[in-house]
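A closer look at the structure
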Amino acid sequence: MRERRAASIRFVNGEVTLPLIVDDRGALQVGAADVSKLLRTVGARWLRLVETGEQGLDEDTVAALTIELAKLADRIDVACIAHSSGAP
């Protein structure tokens, strides 16, 4: 039997909720689209904080981290597209 739950992940001034599914073997399953969306959401939130002048955030560091999160999200999306299209 598969069990569905939701987990809230807190980050600076925000929270994202991801659906979690435990499979028959007890392994935790999270949709790749949800992970990709989470990465993009965190990066976008960081950028908004910098734009509003949040104290203690270095603009260059936030920009670099946001780019890396977007690259990771892109790699996840490409891998999912390749998998769903049957590509090796």
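Computed from a predicted model, the values in this text were never measured in an experiment.

1. Considerations on the confidence of the model for the chain
Mean pLDDT for the chain: 79, with 72% of residues reaching 70 or above. Averaged over each element, pLDDT in the chain is lowest for strand β1 (residues 3-11) (54) and highest for helix α1 (residues 32-51) (91).

2. As for the nonpolar core
Residues L38, L39, V42, L69, A73 and I76 constitute the largest nonpolar core, which totals six residues. Looking at this core, the elements that each hand over two or more residues are α1 and α2 (59-84). Setting aside residues no more than four positions away along its own chain, I76 makes contact with A32, V35, S36 and L39.

3. A word on the pattern of salt bridges
Following the criterion strictly, the structure yields three salt bridges and no others. Close ionic contact of D74 with R40 constitutes a salt bridge, the shortest N to O distance being 2.8 Å. Of this pair, D74 sits in helix α2 while R40 sits in helix α1; the two residues are 34 residues apart in sequence, bridging distant segments of the chain. According to the relative accessible area criterion, D74 is partly exposed, its value standing at 39%. Judged by relative accessible area, which is 34%, R40 ranks as partly exposed.

4. Description of the side chain of T66
Within the secondary structure, T66 is located in helix α2. Within the structure, the side chain of T66 is placed 2.8 Å from the backbone oxygen of V62, a separation counted as a polar contact. Beyond its immediate chain neighbours, meaning those up to four positions away, T66 contacts G43, W46 and L47.

5. Considerations on the environment of A64
Relative to the elements of secondary structure, A64 occurs in helix α2. Assessed through its relative accessible area of 40%, A64 is described here as partly exposed. When the C-alpha positions of A64 and G43 are compared, they lie 9.8 Å apart, and in sequence the two are 21 residues distant.

6. A word on the side chain of S36
Of note, S36 is situated in helix α1. Residue S36 is classed as buried on the basis of its relative accessible area, which comes to 3%. Once residues lying within four places of it in the same chain are set aside, the contact partners of S36 are A73, I76 and D77.

The rules behind each value
Residues numbered from 1 in each chain as written. Predicted model: local features only at pLDDT ≥ 70, side-chain atom pairs only at ≥ 80, totals over all residues. Heavy atoms only, no water. pLDDT = per-residue confidence, 0-100. Helix = DSSP H or I, 4+ residues; strand = E, 2+ residues; numbered from the N terminus. Core = buried A, V, L, I, M, F, W, Y, C linked by side-chain atoms within 4.5 Å. Buried < 20%, exposed > 50% of the residue type's maximum accessible area, 1.4 Å probe, protein only. Contact = heavy atoms within 4.5 Å. Salt bridge = Lys/Arg side-chain N within 4 Å of Asp/Glu carboxyl O. Polar contact = N/O pair within 3.5 Å; in protein donor to acceptor, adjacent residues only side chain to side chain.

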